[in-house]
Amino acid sequence: MVFRPLLPLEAPSPAHICPLDQACSYLDQAARELKLNAGIIQILSNPTKVITVSVPIKRDNGEVQVLAGHRVQHSDILGPYKGGVRHHPAVTLREVSALAMLMTWKCALMGIPYGGAKGGIAINPKLYSVGELERITRRYTSELIKDIGPCVDIPAPDMGTSAREMAWMMDTYSIYEGHAVPGVVTGKPLSIGGSLGREMATGMGTMIIIREALADWGKSFNGTRIAIQGFGNVGGAAALLMHAAGAKIVAISTGAGGVFADNGLDIPALKAYADINGRSVVGFPEAKPISNAELLTLPCDVLVPAALENQINEDNVHQIQANIIAEAANGPVTLNASEVLEARGVTVLPDILTNAGGVVVSYLEWVQGLSYLFWDEERVNQEMEQLMVNAYRQVINESQERRISLRLAAYTLGVGRVAQALSDRGLYP
Ligand code: NAD
């Protein structure tokens, strides 16, 4: 029996794979492998706190609009809650709850002293002015003022938010506290305590995990053929770093479509092209157009889905030709597709490991903020590299010892550490 959270949630959309169902299934698989008792599983399936606040704002035309702002705090067994704040029209309490749970396992897997959380407001930020977005973010922060803090819950940017929103959150929280509190958020601008290396962190973490996996196959980036879906913060940084390390990035796509070059794309030139073409790669000279669907099924050594969830699913899994799939996005391979790929011997590097570079550098930013001592970029990258490589090795060992997939190994490590801490701390009262 898969335990489900006891939450009053909206019904799942029948057209989509429910992210909370997937998250609970992964927890269930890990719990069975670890032989956890039903009481522990029930605790871990339920978030500690589910907060929905009303966010009234004045639009620029004088009208009042009331938005619903969510923050789900899944677990603080290992440390303060940690997780992003999303501004996206598809935000639901169900999705936020799933992502909060995944953050708990991700932080535990990486060995950083955090629990998991996620927040969000269902808006399309493109339909609001900068002033309106500032009022939304500040009001959302003030409604959550007693539920966040450097030792309580530390938000970060996610889809639709950036360093700008984190600066507004930090400023609002600091005004309530009466002094500057840099540790309340991560992903801040450098001027107020952000960390060097944060911008490239998730892409760099992805590059490190792929590099380690190639090394285990006796290979390096040199000449390795890689296709990347998504050319934003994660896909863009990973592409630049792997290209610089000698990889042939044969295809890249964005929401508008993709490009392919059999001999490898000139990634710095493609980045410069996208920067002046609305972040799209379509029309890049010396490359052939390719659709997103074609990109996913290209013959290549490594496929990096770095855009959306559920991209590799029952419809296209049998056409996938890559030997390694590195999940840089959250949940790009569905549970069923993952099982098909594993049975075929394809290496699937799981998202909670592959894209953990962002939260790792967030942790390093928080440590620097709490100690008021800031490091150079080399030190940040070294510390991140060590945490990523350690976690990768632990996942490989766990997978070999238990004879389970890398995904399940990542979950048994993450879930197992939280369950152990829960059992050591005991149940209050
Ligand atoms: P982003 O908005 O910077 O970039 C997303 C990219 O995906 C863009 O290039 C966009 O054009 C492309 N895209 C959108 N729809 C597409 C489609 N249908 N087909 C192909 N490409 C499409 O976002 P990001 O920060 O790079 O995040 C990407 C993924 O990584 C998300 O799943 C996010 O949750 C996950 N992630 C991000 C971070 C981080 O630090 N940014 C950390 C962990 C996980």
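Residues numbered from 1 in each chain as written. Predicted model: local features only at pLDDT ≥ 70, side-chain atom pairs only at ≥ 80, totals over all residues. Heavy atoms only, no water.

1. Brief notes about the environment of V380
Here is step 1: When you line up the elements, V380 lands in helix α13 (residues 377–402).
Here is step 2: For V380, a relative accessible area of 0% puts it in the buried group.
Here is step 3: Linking V380 and K35, residues 345 residues apart in sequence, is a C-alpha distance of 37 Å.
Here is step 4: Excluding its chain neighbours within four sequence positions, the residues that come into contact with V380 are S195, L196, V361, L364, Q368 and W375. (Helix = DSSP H or I, 4+ residues; strand = E, 2+ residues; numbered from the N terminus. Buried < 20%, exposed > 50% of the residue type's maximum accessible area, 1.4 Å probe, protein only. Contact = heavy atoms within 4.5 Å.)

2. Comments concerning the pairing of strand β2 (residues 64–75)
Here is step 1: Sheet analysis places strand β1 (residues 49–58) next to β2, joined by ten bridges and oriented antiparallel. Its bridge partner lying in β2, I57 is registered against Q65.
Here is step 2: Connecting β1 to the antiparallel partner β2 that follows it, the hairpin turn spans five residues, and G62 within it adopts a positive phi of roughly 95°.
Here is step 3: As judged from the six bridges shared by β2 and strand β4 (residues 115–121), these two strands associate in the antiparallel manner. (Pairing = 2+ DSSP bridges.)

3. A word on the site of the ligand
Here is step 1: Close to the ligand lie 20 residues; T202, F231, N233, V234 and N292 are nearest.
Here is step 2: One of the backbone nitrogen or oxygen atoms of G232 is found 3.2 Å away from an oxygen atom of the ligand.
Here is step 3: One of the backbone nitrogen or oxygen atoms of A307 is found 3.3 Å away from an oxygen atom of the ligand.
Here is step 4: Within the complex, the protein chains bury 72% of what would otherwise be the 830 Å² of accessible surface of the ligand.
Here is step 5: Only α7 (233–244) and β7 (248–254) provide two or more residues apiece to the shell around the ligand.
Here is step 6: Residue composition of the shell around the ligand, by class: seven nonpolar, eleven polar and two charged. (Near = heavy atom within 4 Å. Polar contact = N/O pair within 3.5 Å; in protein donor to acceptor, adjacent residues only side chain to side chain. Areas by Shrake-Rupley, 256 points an atom, 1.4 Å probe, with all protein chains shown as cover. Nonpolar A, V, L, I, M, F, W, Y, C, P; charged D, E, K, R; others polar.)

4. Examining the sheet that holds strand β3 (residues 81–87)
Here is step 1: Taken in spatial order, the five strands of this open sheet run β1-β2-β4-β3-β5, and their pairing is mixed. At either margin of the open sheet sits one strand with a lone partner, and together these are β1 and β5 (153–157). Averaged over neighbouring strand pairs, the angle between their axes works out to 20° when direction is ignored.
Here is step 2: As judged from the five bridges shared by β3 and β5, these two strands associate in the parallel manner. Residue pairing for β5: G83 is matched across the bridge by P155. (Axes fitted to C-alpha atoms, helices over the stretch in contact; angles between N-to-C directions.)

5. Things to note about the nonpolar core
Here is step 1: Core analysis: the biggest nonpolar cluster contains 89 residues, and W105, M242, I252 and V304 have the highest contact counts within it.
Here is step 2: Among the elements that take part in this core, helix α14 (residues 406–425) stands out by supplying eleven residues, more than any other.
Here is step 3: Residue assignment places this core across two domains, with domain 1 (19–29 + 37–180) and domain 2 (201–349) each supplying three or more.
Here is step 4: Among residues more than four places away in sequence, those in contact with I252 are I228, F231, A239, G258, V259, L265, I267, L270, V281 and L295.
Here is step 5: If you look at the next biggest cluster of nonpolar residues, it comprises 23 residues, including V55, V85, M166 and M169. (Core = buried A, V, L, I, M, F, W, Y, C linked by side-chain atoms within 4.5 Å. Domains from an automatic or database assignment.)

6. A closer look at the domain arrangement of the protein
Here is step 1: Each assigned domain of the protein is listed here: domain 1 (19–29 + 37–180) and domain 2 (201–349).
Here is step 2: Here domain 1 and domain 2 have C-alpha centroids that lie 29 Å from each other.
Here is step 3: Each partner contributes residues to the interface: domain 1 has six residues there, and domain 2 has six residues.
Here is step 4: Roughly 500 Å² of surface becomes buried between domain 1 and domain 2 when both sides are summed, with 41% attributable to carbon and sulfur atoms. (Buried area = accessible area lost by both parts, 1.4 Å probe.)

7. Let's talk about the pattern of salt bridges
Here is step 1: The final tally for this structure, using the stated rule, is 23 salt bridges.
Here is step 2: With a shortest N-O distance of 2.5 Å, D158 and R86 are connected by a salt bridge. Taken together, the positions of D158 in the loop between β5 and α5 (163–177) and R86 in strand β3 put the pair 72 residues apart, joining distant regions of the chain.
Here is step 3: The partner of E398 in a salt bridge is R402, with the nearest N and O atoms 2.8 Å apart. Of the two residues, E398 and R402 both sit in helix α13, four residues apart, roughly one turn of that helix.
Here is step 4: Classification of E398 as buried rests on a relative accessible area of 12%.
Here is step 5: Bridged by salt links that share partners, the residues R211, E212, D216, E385 and R393 form one connected network. (Salt bridge = Lys/Arg side-chain N within 4 Å of Asp/Glu carboxyl O.)

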